[in-house]
Amino acid sequence: MVYNRMAVLRAERQVSRKDLADEVGVHPQTIGYLERGEYSPSLALALRIARFFGLPVEAVFSLEPLPPLSETVYGRTG
Amino acid sequence: MTDRPATSERSYLARTYDDDRFAWTRSKRVRRRLVVAEAVLISALVVLTIAAAVVGADRGWLAWPWSIALLGFVPIHSFLNLGIRGLYDRSERTLDEHQRRLRDESYIAVRWPATFVTLAAVLAVFAASLMGDTARGLMAGFLLWFGASLLPYWHLAWMLPDED
């Protein structure tokens with residue numbers, strides 16, 4: 001299983017599911033499957049999604065459950 | 001390697017399958033009802049055709065059930081296809097990687113049942129020709145072969161979760 005932060009990043013940047021889907025070339029429903037963890041993306045799709053958010057792929061996807069962003073940010077600035 | 005997304009080419013057919021006017025066909029409840037309706041329709045026609053062959057009914061007798069079934073099948077299958085966004089009918093280039101995976105998984109899941117039903121179709125034709133009624137054997141065989149080709153649609157429609 002591949003964990004991801006797509007839903008949080010999308011909400012943070014106020015990007016609709018359809019806008020993200022159009023940018024990375026998948027169906028909007030596929031974004032839903034990815035966000036719910038019901039589908040693990042190909043490497044090419046994961047890279048396109050990471051590029052869309054302007055982040056390294058490991059910041060968006062992980063093989064381990066991702067800690068909450070607030071915890072990550074607090075840890076870095078505290 | 002191309003960087004063009006799979007769904008960048010939107011055919012007229014693909015746009016139809018994404019039309020929100022047909023969103024009601026994409027609920028699991030509706031899809032499953034359509035699968036049951038289509039399976040009952042095809043099965044009933046197979047049983048009727050075989051029964052007609054066994055009792056030696058007049059060949060014209062089957063014209064009405066077949067005509068009614070065809071009239072019923074067209075809208076049912078159209079709605080079923082809309083419910084699965086036409087994954088088996090659309091051009092490959094209009095599907096994204098997840099849609100291709102869903103399509104392929106259902107196809108693989110029913111490969112053995114589909115093989116058995118197709119074999120039953122061949123046996124039906126063979127048995128009917130031995131009994132001297134090749135025409136009805138061909139009709140039953142056609143229905144079984146046709147039913148086998150519908151199994152991936154039914155599996156996909158049955159298994160797909162509700163969309164959100």
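Residues numbered from 1 in each chain as written. Chains lettered and ligands numbered in written order. Predicted model: local features only at pLDDT ≥ 70, side-chain atom pairs only at ≥ 80, totals over all residues. Heavy atoms only, no water.

Turning to the overall build of chain B, a few remarks are in order. Within chain B one finds six helices and zero strands. Its helices and strands taken in sequence order, chain B reads α-α-α-α-α-α from the N to the C terminus. Referenced to the eigenvectors of the C-alpha coordinate spread, the extents of chain B come out at roughly 60 × 35 × 25 Å. Going through the 164 residues of chain B one by one, you find that 39% of them count as buried. Pairs at least 24 residues apart make up 77% of the contacts formed inside chain B by residues separated by at least 6 positions. For chain B, the accessible surface area stands at approximately 9,400 Å², while carbon and sulfur atoms represent 69% of it. (Helix = DSSP H or I, 4+ residues; strand = E, 2+ residues; numbered from the N terminus. Buried < 20%, exposed > 50% of the residue type's maximum accessible area, 1.4 Å probe, protein only. Contact = heavy atoms within 4.5 Å. Areas by Shrake-Rupley, 256 points an atom, 1.4 Å probe, with all protein chains shown as cover.)

Glancing now at a nonpolar patch on the surface. All names here are of chain B. Nonpolar side chains collect at one region of the surface, where V36, V40, W158 and M159 lie side by side and expose about 370 Å² of accessible area between them. Turning to its location among the elements, V40 is positioned in helix α2 (residues 28-55). Residue classification places V40 among the exposed residues on the basis of a relative accessible area of 53%. (Patch = residues over 30% accessible without salt bridge, like charges linked within 9 Å, V, L, I, M, F, W, Y side chains within 5 Å. Salt bridge = Lys/Arg side-chain N within 4 Å of Asp/Glu carboxyl O.)

Do not read the predicted coordinates in detail wherever pLDDT is low. Residues and elements named next belong to chain B. With 94% of its residues at a pLDDT of 70 or more, chain B has an overall mean of 89. Mean pLDDT across the elements of chain B bottoms out in helix α1 (residues 12-17) (82) and peaks in helix α4 (residues 97-109) (96). Within the model, pLDDT remains below 50 along residues 1-5, and this stretch shows five contacts once partners closer than five positions in the same chain are excluded. Interface confidence for the predicted complex, given as ipTM, is 0.83, next to a pTM of 0.85. (pLDDT = per-residue confidence, 0-100.)

With that settled, the discussion passes to the interface of chain A and chain B. Contacts between the two partners involve 17 residues from chain A, matched on the other side by 16 residues from chain B. The junction of chain A with chain B conceals about 1,400 Å² of combined surface from both sides, 44% of it contributed by carbon and sulfur atoms. Its largest share of buried area at the contact with chain B, chain A owes to H27, Y33 and Y39 of chain A, together 40% of the area lost on that side. For the interface between chain A and chain B, the tally reads zero salt bridges. Of all elements in the fold, only α2 (17-24), α3 (28-35) and α4 (43-53) of chain A reach the threshold of two or more residues within the side of chain A that touches chain B. Ranked by the residues each element gives to the side of chain A that touches chain B, the list is headed by α4 of chain A, at four residues. Class assignment for the residues of the side of chain A that touches chain B results in seven nonpolar, six polar and four charged. (Buried area = accessible area lost by both parts, 1.4 Å probe. Nonpolar A, V, L, I, M, F, W, Y, C, P; charged D, E, K, R; others polar.)

Tallied over the entire structure, the rule returns 13 salt bridges over all chains. Salt-bridge contacts for R36 of chain A lead to E38 of chain A; the nearest nitrogen and oxygen are separated by 3.3 Å. For E38 of chain A, a relative accessible area of 44% corresponds to the partly exposed category. Where R85 of chain B meets E163 of chain B, a salt bridge forms, and the shortest distance between an N and an O atom there is 2.7 Å. In this pair, R85 of chain B sits in the loop between α3 (63-83) and α4 while E163 of chain B sits in the segment after α6 (134-159), placing the two residues 78 residues apart along the sequence. For R85 of chain B, a relative accessible area of 9% gives the class buried. By relative accessible area, E163 of chain B is classed as partly exposed at 28%. Overlapping salt bridges bring together E92, R100, R103 and D104 of chain B as one network.

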